[in-house]
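This is what each chain is made of:
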Amino acid sequence: MRFTRWASSIAMIGTLALSACGSGSGSNDGNTNVRLLNASVGYSSLDLKVNDTKVNTGVNFGTVSGYGSIGTGSNTSELLVAGTTTLLSTPALSNLVKDGHYTLIAFGNTGSMATRLLNESEAEPTTGNTKLLTLNLSPDAGTVDVYVTAPGASLSDSTPTASSLIPGNGDAYRTITSGTYQIRVTSAGNKSDLRLDIPSVNLDSTKVNTLVLTSATGGVMVNGLLLGQQGTVTKYENGLAKVRALSALTRSDKATIRLNGSTALDDKAAPARSSYFDITVTNGLKVDWSVNGTAQAPQTLSLERSGVYSMLLWGDAAAPTLTALKEDNSLPTGLNQAKVRVLNSVKGLGKVSLYIDAQPLIADVAPGQLSSSTLLSTTSEIQFDVRAGAPTVFLSKKTLTAGKVYTIWLTGTPGALEGTWIEP
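To start, this report covers the structure provided alongside it. (Residues numbered from 1 in each chain as written. Predicted model: local features only at pLDDT ≥ 70, side-chain atom pairs only at ≥ 80, totals over all residues. Heavy atoms only, no water.)

Overview of the overall build of the chain
Then comes step 1: Helices and strands together make up the secondary structure of the chain, namely 0 helices and 37 strands.
Then comes step 2: At 24 Å, the chain has a C-alpha radius of gyration in line with the 22 Å of a compact globule built from 424 residues.
Then comes step 3: For the chain, with 424 residues in total, the buried portion stands at 53%.
Then comes step 4: Residue pairs in contact within the chain that sit at least 24 positions apart in sequence constitute 63% of those at least 6 positions apart.
Then comes step 5: Summed over all atoms, the accessible surface of the chain reaches about 17,200 Å², with 45% contributed by carbon and sulfur.
Then comes step 6: Averaging the coordinates of the 32 positive side-chain charges in the chain and doing the same for the 31 negative ones gives two points 3 Å apart. (Helix = DSSP H or I, 4+ residues; strand = E, 2+ residues; numbered from the N terminus. Rg over C-alpha atoms; globule rule 2.2 N^0.38 Å. Buried < 20%, exposed > 50% of the residue type's maximum accessible area, 1.4 Å probe, protein only. Contact = heavy atoms within 4.5 Å. Areas by Shrake-Rupley, 256 points an atom, 1.4 Å probe, with all protein chains shown as cover. Lys, Arg positive; Asp, Glu negative; His and termini not counted. Charge placed at Lys NZ, Arg CZ, Asp CG, Glu CD.)

So this is what it looks like as structure tokens:
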């Protein structure tokens, strides 16, 4: 599973669906109707102010406000943290159609708010049909495919209803037969990399709906908001977590790790890592594991919705340790930036620190710990110096790629240490 940064210059979402322009003629003078949908995981509650008047207030994440009336002409608009004067965005709400209906969708992570304006004037489909528009407003998800299938249908035989949706972009309205469907979101071109599974959604006859994909905690995964045209919104929280296995034993030692019965590592010599497995959070996680053929006591773990985890096997083969590490794979928000973190898997090494140009950017990462990430520029080559106290234990020069999350993974023993660059 590989994650890439969302485009810095975001395309308009379906020219038929999103519009901020009216006719511009005098006959269009008057008022129109605007409401606010909070699809931003970074802000729990939002206000919308237009021309110094708060049109929508206290709109919580995953909810939509009632409509407020604003002028169709030139407006000054501000999106604020609810109950404060903290400015997050200045959305374009000018030259709108008289007596129209619009939903302003606020999305993004903390410090990177963005908005899109949905024109709710799509013609209703004929009886027995429904219309669905999908918007990828999850900066951390990368490009995705969306499958709308009969409940329980295999994805292996399915074609995406909407494909290759980059963050900030959307599909055109699709007309399909009304009924009950299962909606699944995967990374583009990879049906096994599931980002959201909604087991049952009713898409009613003659209705127009918009599926908004929003960021979830930990990055990568998405939540869903199903917005009825000029209607209500239904929130679909992700019921999955992603879990992988990492073995950091010595090279002569082999590990087998099974996650809820599925084999992640099969008698693999260290260092080794598996792909991510999709685990239903309500079931929790059972880890069965063995080292050099000797079975170890199974471990169980409660998982958070949309969480991303690594099960790290490290230490001595005679007394191995299995540690659950929660990952934050949210992508950098700025241009020409990447994230770097350190995973210390070496027993007996002590705490390590990451230095750049003789300055410590990450400090005191103990054995068995994954550090938080630091933002670094991707415009030039960087020398990475990981130290355990004074001695350098890993030295590497690397030019990073923008929009990626890197991990410097330390494995082996203090006397035979290895460092590896890995990406999610």
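This is not the end of the story, as more comes after the structure.
Some words on the sheet that holds strand 8 (residues 114–119)
Then comes step 1: One open sheet holds the 4 strands; their spatial order is 4-1-7-8, and the pairing between them is mixed. With one partner strand each, in any of the chains shown, strand 4 (68–71) and strand 8 form the two edges of the open sheet. Going from strand to strand, the sheet's axes swing by 35° on average, the running direction of each strand aside. (Pairing = 2+ DSSP bridges. Axes fitted to C-alpha atoms, helices over the stretch in contact; angles between N-to-C directions.)

Some words on the nonpolar core
Then comes step 1: Counting 23 residues, the largest nonpolar core has Val243, Ile257, Leu259, Leu285, Val287, Leu303 and Leu313 as the members making the most contacts within it.
Then comes step 2: The set of elements that each furnish at least two residues to this core consists of strand 19 (240–247), strand 20 (254–259), strand 21 (262–269), strand 23 (277–280), strand 24 (285–291) and strand 27 (308–316).
Then comes step 3: By residue number, the principal contributor to this core is strand 24, which donates 4 residues.
Then comes step 4: With sequence-adjacent residues up to four places away left out, isoleucine 257 is seen in contact with Ala245, Ser262, Thr263, Ala264, Leu265, Val287, Asp288, Trp289 and Leu313. (Core = buried A, V, L, I, M, F, W, Y, C linked by side-chain atoms within 4.5 Å.)

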